[in-house]
Structures are given as structure tokens and as C-alpha cells.
Amino acid sequence: MAHKPIESEARDPHVPVTSSISSGENTVWADVTSLLQAASQGLQEGELIHGDNFNLFAAMSALEIMDPKMDSGIVCKYYSVDEAIENGAAPVPLSFDKTIDVQCTIDIMDHLLSCEATWHKGHSLAQTVFSCIYLLRLDRTSSHAILHSYCRLIRATCKAVISVVSDARTHEEEDLFTMTYGLPLNGDGDGKCLSMLNAVEETISRQLRACKAPSSKKRVLEDIEPLQPNLDLEEGYCKALLCRLRFRKHFYHVLMCMRRPQGRGLELARKHIASCLSELECIYKSAEFLRSSACGNCEDGIEDKTTASGCEPIGFDASLNSRLSAPTPPRAIRILNWKKAIEYFKKLLHHLDIICSYSLDPSLEAVLRFVVQFQKPQPDLVARAHLQLLLVQDGKLYGRDPIFAVICRAAALPEVVKNHDIQKNEFVVQLGQLVINLLKILCTNAAWQRRKLGKILQDWRVIYVQLELAFKTEFGEMSSITNEENVCVKLSKHILIWVEEQTYWIASRFLMLGFELELYSPSEYCMVYWYIYVVLIKLAEKHHLKMVMSNDTGKRKGKKKRDSPKDVARDYQIPPAVLFLQCHISLAEGLTMLLAALRNENRVFQSLGPFNTEHEIFIQHFELLQQACIPDHISYLSFKDTTAYAQFSTLVMYNYFKDALRLAKELRSSFSNDPDRMAELRKIEQVAEHNGIALNVICRVGALDPSLKVSFEFNHHPYFATAVVRRS
Amino acid sequence: MAMEHDAEKSFIHVESSEGSNPNGSNPVTKVRMLLFRRMLVGVSDGRFFLGSFHCMDKQGNIILQDTVEYRSTRRSSPSPMEQRCLGLILIPFSCRTSCHVDCSIEEQLSLLSLPG
């Protein structure tokens, strides 16, 4: 059979293969189509031709060509970006009619904003912002000043955001965010993009002034060429463009200011954030004008549109980049609609503003409270990355306070200790690393955070033991009672107590995040609240001990005239911070006993699943805590002992909810300057009050009344449930 | 699993028929000899795939290993080609438009001569 040229063999006219894809030296491409066909006929049903190393299971992982879910290279409309451009997919200028050109430019800006928001929310850059053909070949737009400067600036902005998220390394949680896969993010002269934009802004401002000026003055300003020829639309278009350009500019400034080390740019960032928010308002308001002057029918489905005018923007094609996304095609995504995009940026700016307003409190306790509070409204990735970079820079708090000094302050040690040589000890250094790691973890999303917090429990337990040993070794040799020994003893005691306190704090966060992530079913609430109760008791104990120790040392120094035991006893009050924890303890205890009583008497909320016993569920939930002995001597049996005899008759007598309510009310005066803690106290009061009432109702009606239905809802507090009693 | 077992049985069956024909001109045998050789497959949208021939089934579906995809950057020819690596791929018979194997000129003749 003679060898026929390849072109005529193929079904479609293709590029001559032999010329483009070389076979090898002294070899040719031999057409084997008929041979394969003959072999097919010779095979049995289900028979395969394969080598010795063939593994059917492995072969199933092969990408199937022409399957849209697996083949990202399927040729659709255009073979490449360049072909798309040659076919007019991204014209420059966008139109020879200047009015239409302006309209289209605004549409592109709006769609890019929507793409940017979609990207921030966790989709790939290639499918979102860089689906814009103008951005893929930025130099083409240089003749169009407005589009060019805007695109340059958005490119620089994307690069800045990627840099923040990469440095914070919080992007591990969201796969696609920082992958740029060879997209053109680096441009020469992007440093000048701001000045370019300023020039454009200046021109449009003058055009706006010119069109608003009364006709007599127009002669003077005649040298200003209008933005576009339709004079009654000039003002609207100028304003629409200006607010978009200004938003871009201020947003870029926000990012640059917030990146300045040690929080130096935060105040200026706040000003830019305020400008961004006001420009966003203008952008939002421009929609009415743009919709009414839009060309063509852009009315249908206005809610889902990615532009203010409702028109489809030109110059976007996500499929051109699909080969750049990954070996397999990315899943189809929806670009956020324009209104949602604006809402996203408002929320982001709001969270960035909270970060910028933070006072950079040197107390670790305050930092932890701030981060926990910040995380409550579930801020997005970009905001969290910024927070983390503010808190931890160069291994120091805010890039300013060395970690050992932070630890000493947290351990209620006097300032002078922070220069002590013990900080060079390897375990003290490790402790510093654990603190930094903890701060980073607290800036991640709830699911990731809980997982990591669970893992580090063991590390904190171990470091305690290692430090105890290290302190004994370092300080144990001193035999004489000197000032130095006093300092060392104090140092070791305080740091060890603080490590324990911090460990219990981590444990309590771990347990409470489980509620936020809805990891517990109602039949498990009892054991969870019980565990929270035992952990919080330990936390309060260590916290209190730490404060007493520092008070003692303080008092010893300041011993002057009156130090009669009566005065000391009278002066001593349990610190409000400890009482604050006590509120939580009472609530946890109350809920544990309420649930236990319901289980014992009404046989509800039991763990009776066919797969696990209650003991196994206990181990599953608390395995990490048990392994780290947090707390010590606590086990499933302790839980059973505590709850086995819970009855409603005894509960009414020891009403934990009443305690919590009373305590919360008393603490109002202590925290009147702290709005976050006041809010927390109010929530505790509500939970305590409602649960107290529920308890009374159950007791009055009789716990065994079958018409009584009790459920637990989180309507007053994110992790302390409120019992809701219904008669059916 | 059953499929593999059957394949083994048929394998033996083929071997015995091969024994009776010492030339090895059985097309299945010839194709088996092409395993691991560089194969260039064209598909219906104009792309080409160059990889090592790894497997073929009765329907004519082909698996290639360490594959590189070639495609032109323009619809019309001539135009520069782009390439990217894909790894293990399966090319269904339905979209295959051409299939070539890299071989010496002498081999080409023997490969293409089919049993009469």
C-alpha cells in the first residue's frame, strides 16, 4: 500500500503535519489508520492492546479529549487571543462614535469591577479579570487614554492583592486565588499608572466643568474638546467616568498605604477608604442615567447584569484563557452581578476600615479579643490577609514589639524583665513561634482555623513541659536568695501559668467554633457544653492565679502603712475579667444540666445512633483535647458522673441561669467602656433569662408531660443555645 | 476484572494463531509492536496530539502517554503552533481524524502491508 500524503488522508484540511511536527532523524510519519482498523476487527469484544505495565485502574484517570469537562483545549470560537483580536473582538477605539465609545468604556469598567469581586471571592484570575482581551494585550490600548490608564491600574491592583494574599499565605484555603498561570501581570511602567490616571481625571474634570458652565463662559473654555458630542449627556457621562476612575485610584492607594510597615499608613488608608466608599455611592447612583441612555434593548433581567447600564460589555472572552487555567478545564463560573459586586467592595472596605482603626494595642489579650471580634461577621479573604500582615511582620507584633516582650506583658510580668537573657533559650524561642503561629491561624476562615487550633493543642501542651524543665535547669542552680533569683522564679512561674491559660483559651475557641460551623447535633450539645464548662473553669482558674500572682508581687513592693489582714481582705475583689468568664461558666453548666435532665427524664437528646455509642462520639469530638490532656483527669466517665443524676427537681434549686443573669447585670458597670463586652453581656443576660424561664415552665408543667416539646436555638447568642418550650 | 481475564484468554488465543503464522503479519500483533512508540493523532477540531502509544481497544479508542497537544493559533494555515503538555489522555475513535506513527522507511512498508 503506497504512502499517501497526509493532507488528503485527513477529513478536514489541516496544517501539513510533517512540516510542523517533526518525526525524528531518518524517520517518517507512517499512516497507520487502516492497520488500526484491521486490528480492531481482529480483537475480541473487551480485548485491549496494551503493554506489560498497563494498569486499567490508572488508565481510567486519562483525560478524555473532546469531553468539555476534561479537555480544556477544545477549539471553539477563536483559536487564540490574537485571532480573536484580528476578528475584531476587542476593537480600539471601541467605537468611532464617541458617545458609544464612552458608553462601552464604562461598561468595561463595570464588568471588570464585577470580575474583580468574583475573583476575590475565590475564582481564578484567568476566568475573571483576565477574561478581558484588553488586559491580555494592554499595549494595544495606549491610544485610548481612559481605557489604558484604567486597565493599567487594575492590573497593578490585582498584582498588589496577590502579593498580600501570598505573603499572608492564607490562600491555602482557597485554591485558585493566587494562581496566575502566566497571565501578563507584570507591566513596565505600571508605577506610572497613577500619574496617567490623574492626567485623564484632570481632563475629564475640565470637560465636566466646561459643560456645566453657562454659555457665556463657554467661549473661554472652547479649547476643551468635549468627552463626547451629545451635549445633554455630557454631564452624566463625565460624572460616571470620574467616580469610576477615582474609585480605582483610591482603592489602589488603600492597598499601598496598608502595606506600609508597622501600620504607619493606616490613618491615610482610612481617608482613602472613605473616598472609595463615597465614589462607590456615585457609581451606584450613576446606574439610572446609564440605563436610560443605553443603546439597544438592555432591559431584560437587569438584576443579573454585570454593568450599570445593563448592556453586555465588549472585549471579554473567558474561553481564550481556559488553557491557562489548569490541565483540566475550570468549572463554569458566574460573574457576580454589578450590584452584588458593589456590595462586596463596600463590605471589604468596611472590614479594612476596622483594621485601619485598630489602636495597635500592645497587650496580647486585647489583640486576641480584637481578632475574635473581627472574625464575627465572617470577613472575606482579602480583609483577613491584610489583618494578618498587620499583626505579624518580621516575627514581631505589628513589626514593632518583639515577641518575648509581648509574652512577658501577657504573663503580667514587669516591663524590666523583657530584656532578660532567658529569651535566647530555645524553648522560649519556640514559644514565641507558637504565639506568632497562633495569631496567623486566628486570621484564617472558621473551618481552617478550627482544624489548625485543634492541631496546635498538643504543641502548647508540650512546650509547657519543655519550659518547666528548661526553667529548672537554668534557674535551679541558684542557691542563694538574691534579687536575681527572685526575678527568675517570678519569670518562670508567670510564664508557665500564662502558657496554661493560653492553652485553655485555644481549647475554648476550638470548642466554640464547632457551634459556628454547625458540627454538633443537638444530641451532642450536652457533652459539648460540659466540656466547655470544664475548660472554662480551668481558664478562669489560671487567669485568676496569674492576676493574683502579679497583685502579690505588686503589693509586696508597695507595702507601706496599712496592711492589716482585714484591709487586704476587704480590698480584694475578684477581677471583672474572671467574673466575665464565670458568666460563661454558669451558662455552660446550666445548659449541660438542663440537657442532661431532659435526657434522663424525658429521654430526649440522646445519642442513640446505630453506628456509634455515646462514648465513641465523645472520643471523636474531643480526641485532640484528650490526647493533649486538656484538662487533665477528664474523661467520658467524668462526664457521665456529672450528668447521670441530673433531675429537674434539683435544677430548680441550683439555678445556674439565675447566677449567670445576676453576674452579667453586676458586670455592666465594670465594662461600660468596652462596647464589645457590653454586647456580649447583654447576649448572656438574654440567654440566661430565657433559659431560666424555660426551666421554670418545664418544672411547672411537669417534665414528663408528653405535649411538651423542647428545642434549642441560637437566636440570642452564637454558641449558647436558648431552650424553646412548646406545647403541642 | 472480568474484562482483563477475558483479554488474557483471547491473548492466548491470538498467540496460538500467531504460532501458526510465523510472519507475525496478524494486524493485532503488528499494532502490539507499535506500543510505546511515538504516535501522532489528529482530532476533528484541528488539534494534534503527540504521545507514546499506550493502549487501544476494539472500538478504536486510543490512550497516549506523556502527550503534547499541538494547535495552530489561527484558523487559516500556515500559522505558528502552540503546544502544551497533557500527560495521559484518551482519544475517542469518534473524534479521531488521522493517526501516524514515527518509524523508519523500511519499517513503514512492512507495517502497512496487510495480510491478503
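About the criteria used
- Numbering of residues starts from 1 in every chain and runs along the sequence as written.
- Working convention: letters from A go to chains and numbers from 1 go to ligands, in the order in which they are written.
- Residues qualify for local features only when their pLDDT is at least 70, as the model is predicted, and side-chain atom pairs are given and counted only at 80 or more; totals for whole chains, interfaces and linings, by contrast, use all residues.
- Calculation of side-chain values draws on the structure's entire complement of heavy atoms; hydrogens and water are dropped beforehand.
- Numbering of helices and strands runs from the N terminus, with a helix taken as a DSSP run of H or I at least four residues long and a strand as a DSSP run of E at least two residues long.
- Exposure classes here rest on a 1.4 Å probe applied to the protein chains alone. A residue is buried below 20% of its type maximum, exposed above 50%, and partly exposed in between.
- Working rule for contacts: check all heavy atoms of both residues, and any pair within 4.5 Å makes them a contact.
- Methods summary: accessible areas were calculated by the Shrake-Rupley approach with a probe of 1.4 Å, and residue burial reflects only the protein chains presented.
- Domain limits in this description derive from either an automatic procedure or a database domain assignment.
- Two parts placed together each lose some accessible area; with a 1.4 Å probe, that loss summed over both constitutes the buried area.
- The salt bridge definition used is simple: a Lys or Arg side-chain nitrogen within 4 Å of an Asp or Glu carboxyl oxygen.
- Classification used: nonpolar for Ala, Val, Leu, Ile, Met, Phe, Trp, Tyr, Cys and Pro, charged for Asp, Glu, Lys and Arg, polar for all others including Gly.
- Here the nonpolar core consists of buried residues drawn from Ala, Val, Leu, Ile, Met, Phe, Trp, Tyr and Cys, with membership extended through side-chain atoms lying within 4.5 Å.
- Ring geometry is summarised as follows: Phe, Tyr and Trp rings, the Trp one being its six-membered ring, pair when their centres sit within 6.5 Å, and such pairs are stacked at plane angles under 30 degrees, edge-to-face over 60 and tilted between the two.
- Definition used: whenever NZ (Lys) or CZ (Arg) falls within 6 Å of the ring centre and also within 35 degrees of the ring normal, the charge is taken to sit over that ring.
- Note on pairing: two strands pair once DSSP finds at least 2 bridges between them.
- Definitions used for this entry: grid spacing 1 Å over protein atoms alone; cavity, a set of points where a 1.4 Å probe fits but cannot get out; pocket, an open set with protein on both sides within 12 Å along at least 5 of 7 lines; lining residue, one with an atom within 4 Å of a point.
- Grid points are joined across faces, edges and corners, and a volume is the space filled by probe spheres set on the points.
- In this analysis an axis means a line fitted to C-alpha atoms, helices contributing only their contacting stretch, and an angle means the value between N-to-C directions, from 0 to 180 degrees.
- Each angle is binned into one of four classes, with values under 35 degrees roughly parallel, values over 145 roughly antiparallel, values of 65 to 115 roughly perpendicular, and all other values oblique.
- By the definition used in this description, the sense in which the near helix is turned from the far one sets the handedness, with an anticlockwise turn below a right angle giving left-handed and a clockwise turn giving right-handed.
- Under this definition, polar contacts are N or O atom pairs within 3.5 Å; protein pairs additionally need one hydrogen-donor-capable and one acceptor-capable atom, and for neighbouring residues in sequence, both atoms have to be side-chain atoms.
- Multiplying one less than the number of residues by 1.5 Å gives the expected span of a helix.

When you go through chain A residue by residue, the secondary structure sums to 28 helices and eight strands. Looking at chain A as a whole, 53% of its 728 residues are labelled buried. Taking contacts inside chain A between residues at least 6 apart in sequence as the whole, the part at least 24 apart equals 76%. Summed over all atoms, the accessible surface of chain A reaches about 34,500 Å², with 53% contributed by carbon and sulfur.

In this section: the domain arrangement of chain A. All names here are of chain A. Segmentation of chain A into domains returns domain 1 (81-351), domain 2 (359-519) and domain 3 (532-728). Placing a centre on the C-alpha atoms of domain 2 and another on those of domain 3 gives a separation of 25 Å. Contacts between domain 2 and domain 3 engage 29 residues on the former and 29 residues on the latter. Between domain 2 and domain 3, roughly 2,700 Å² of surface is buried when both sides are summed, and carbon and sulfur atoms account for 71% of that area. Where domain 2 touches domain 3, the interface holds three salt bridges. Here Lys542 and Glu500 are joined by a salt bridge, their closest N and O atoms 3.2 Å apart. Among the secondary structure elements, those contributing two or more residues to the side of domain 2 that touches domain 3 are α15 (364-375), α19 (446-475) and α20 (483-516). Element by element, the count of residues in the side of domain 2 that touches domain 3 is highest for α20, at 16 residues. For the side of domain 2 that touches domain 3, the per-class residue count stands at 14 nonpolar, six polar and nine charged.

Moving on, we get to the nonpolar core. Core analysis: the biggest nonpolar cluster contains 219 residues, and Val129, Trp460, Leu467, Ile495, Trp498, Tyr531 and Phe712 of chain A have the highest contact counts within it. The contact partners of Val129 of chain A, leaving out residues within four places of it in the chain, are Leu112, Cys115, Glu116, Trp119, Leu135, Ile154 and Cys158 of chain A. Listed in part, the 26 residues of the second largest apolar core include Val28, Leu35, Val43 and Phe49 of chain B.

Here Gly51 of chain A is to be found in the loop between β2 (48-50) and α4 (56-59). Judged by its relative accessible area of 7%, Gly51 of chain A is buried. The residues touching Gly51 of chain A, leaving out its near neighbours within four places in the chain, are Leu35, Phe36 and His54 of chain B.

With that out of the way, let us pick up the pattern of salt bridges. Counting across every chain of the model gives 37 salt bridges over all chains. Of the charged contacts in the structure, one is a salt bridge between Glu614 of chain A and Lys640 of chain A, with a shortest N-O distance of 3.0 Å. Of this pair, Glu614 of chain A sits in helix α24 (residues 614-627) while Lys640 of chain A sits in helix α25 (residues 636-643); the two residues are 26 residues apart in sequence, bridging distant segments of the chain. Here Glu614 of chain A falls in the buried class, since its relative accessible area comes to 13%. In this structure, Arg38 of chain B and Asp102 of chain B form a salt bridge, with 3.5 Å as the shortest nitrogen-oxygen distance. In this pair, Arg38 of chain B is assigned in strand β1 (residues 38-43) and Asp102 of chain B in strand β5 (residues 96-103), connecting sequence segments 64 residues apart. A relative accessible area of 34% places Arg38 of chain B in the partly exposed class.

Residue and element names in this part refer to chain A. Considering all chains together, one arrives at 28 aromatic pairs over all chains under this definition. Summarising the aromatic geometry, the rings of Phe515 and Phe714 are spaced 5.4 Å apart at their centres and angled 55 degrees between planes, so their arrangement reads as tilted. Here Phe714 lies in the loop between β7 (708-713) and β8 (722-727) and Phe515 lies in helix α20, a separation of 199 residues in the sequence. Ring geometry for Trp530 against Phe618: centres 6.2 Å apart, planes inclined by 45 degrees, an arrangement best described as tilted. Of the two residues, Trp530 sits in helix α21 (residues 525-557) while Phe618 sits in helix α24, which places them 88 residues apart along the sequence. The buried category is assigned to Trp530, whose relative accessible area is 2%. Of the aromatic side chains, those joined through ring pairs into one cluster are Phe515, Tyr520, Tyr525, Tyr529, Phe714, Tyr719 and Phe720. Lying over the aromatic face of Tyr284, Lys346 brings its terminal NZ or CZ to 5.7 Å of the ring centre. Over the aromatic face of Phe510 sits the side chain of Arg450, whose NZ or CZ is 4.0 Å from the ring centroid.

All right, on to the sheet that holds strand β5 (residues 396-397) of chain A then. Strand pairing in a sheet is mediated by backbone hydrogen bonds. Such pairs are either parallel or antiparallel. Residue and element names in this part refer to chain A. Across the sheet, three strands lie side by side as β4-β5-β6; this open sheet has antiparallel pairing. Looking at strand neighbours, the two that pair on one side only are β4 (392-393) and β6 (401-402), the edges of this open sheet. Of the pairings in the sheet, the one linking β5 to β6 comprises two bridges and is antiparallel in character. Directly across from Leu397, in β6, lies its bridge partner Asp401.

Our next topic: the layout of surface pockets. All names here are of chain A. A volume near 580 Å³ is recorded for the second largest pocket. Along the wall of the second largest pocket there are 23 residues; nearest its centre are Gln127, Ala318, Ser319, Ala332 and Ile333. Looking at the lining of the second largest pocket residue by residue, the class counts come to eleven nonpolar, seven polar and five charged.

Moving on, we come to the packing of helix α27 (residues 656-667) of chain A against helix α28 (residues 675-701) of chain A. Residue and element names in this part refer to chain A. In the contact formed by α27 and α28, the axes pass within 8 Å of each other and the chain directions differ by 155 degrees. When the axes of α27 and α28 are compared, the pair comes out roughly antiparallel. In terms of crossing hand, the pair formed by α27 and α28 is left-handed. Contacts between α27 and α28 involve Phe657, Ala660, Leu661, Ala664, Lys665 and Leu667 on the former and, on the latter, Leu681, Ile684, Glu685, Ala688, Glu689, Asn691, Gly692 and Leu695. Residues belonging to the contact of α27 with α28 are distributed by class as follows: nine nonpolar, two polar and three charged.

Our next topic: unusual backbone geometry. Residue and element names in this part refer to chain A. For the peptide bond that leads from Val92 to Pro93, omega is -5 degrees, which places it in the cis range. By the secondary structure assignment, Pro93 is in the loop between α5 (81-86) and α6 (98-120). Of note, the amide linkage connecting Ile630 to Pro631 takes the cis form, showing an omega dihedral of -10 degrees. Positive phi is not limited to glycine here, since His633 has a value of about 60 degrees.

In this section: the side chain of Gln388 of chain A. All names here are of chain A. Along the chain, the position of Gln388 falls in helix α16 (residues 381-391). Classification of Gln388 by relative accessible area gives buried; the value is 3%. Polar side-chain contacts of Gln388 include one of 3.4 Å to the backbone oxygen of Ala168.

Along any regular strand, the residues point their side chains to alternate faces of the sheet. With ten of ten residues buried, strand β2 (residues 48-57) of chain B lies mostly within the body of the structure. Two elements, β2 of chain A and β2 of chain B, share three bridges in a ladder whose sense is antiparallel. In the strand pairing of β2 of chain B, His50 of chain A is matched with Cys55 of chain B. In the sheet, β1 of chain B pairs with β2 of chain B via five bridges, with the strands oriented antiparallel. Each residue of the ladder has a partner; that of Gly42 of chain B, found in β2 of chain B, is Phe48 of chain B. Bridge count between β2 of chain B and strand β3 (residues 62-72) of chain B: seven bridges; the pairing is antiparallel. Considered in β3 of chain B, the bridge of Phe53 of chain B is made with Leu64 of chain B. Where β2 of chain B folds back on β3 of chain B, the antiparallel hairpin that results is connected by four residues, among which Gly60 of chain B adopts a positive phi of roughly 95 degrees.

Attention now goes to helix α11 (residues 231-258) of chain A. The periodicity of an α-helix, 3.6 residues per turn, causes residues three or four places apart in sequence to face the same way. If you check α11 of chain A, its first and last C-alpha atoms are 41 Å apart, about what 28 residues at 1.5 Å a residue would give, namely 40 Å. In terms of residue burial, α11 of chain A counts as a mostly covered element, since 21 of its 28 residues are buried.

The next point concerns the environment of Ala688 of chain A. Residue and element names in this part refer to chain A. With respect to the helices and strands, the residue Ala688 is situated in helix α28. The class for Ala688 is buried, based on a relative accessible area of 2%. Taking C-alpha positions, Ala688 is 5.5 Å from Leu661, a pair spaced 27 residues apart along the chain. Beyond its immediate stretch of four places on either side in the chain, Ala688 contacts Leu587, Phe657, Ala660 and Leu661.

So, about the interface of chain A and chain B. In many reports, interface size means the accessible area that the parts give up when they come together. Taken together, the 66 residues of chain A in the interface contact 67 residues of chain B. Between chain A and chain B, a total of about 6,300 Å² is buried, with carbon and sulfur atoms accounting for 62% of that surface. Applying the counting rule to chain A against chain B returns two salt bridges. Two residues, Glu47 of chain A and Arg32 of chain B, come together in a salt bridge whose shortest N-O distance is 3.9 Å. Where chain A meets chain B, there are twelve residue pairs in polar contact (both at pLDDT 80 or more). Listing elements by their share of the side of chain A that touches chain B, those giving two or more residues are α1 (6-9), α2 (17-20), β1 (28-31), α3 (33-42), β2, α4, β3 (63-64) and α5 of chain A. If you tally residues by element for the side of chain A that touches chain B, the top one is α3 of chain A, at eight residues. Of the residues assigned to the side of chain A that touches chain B, the class counts are 32 nonpolar, 21 polar and 13 charged.

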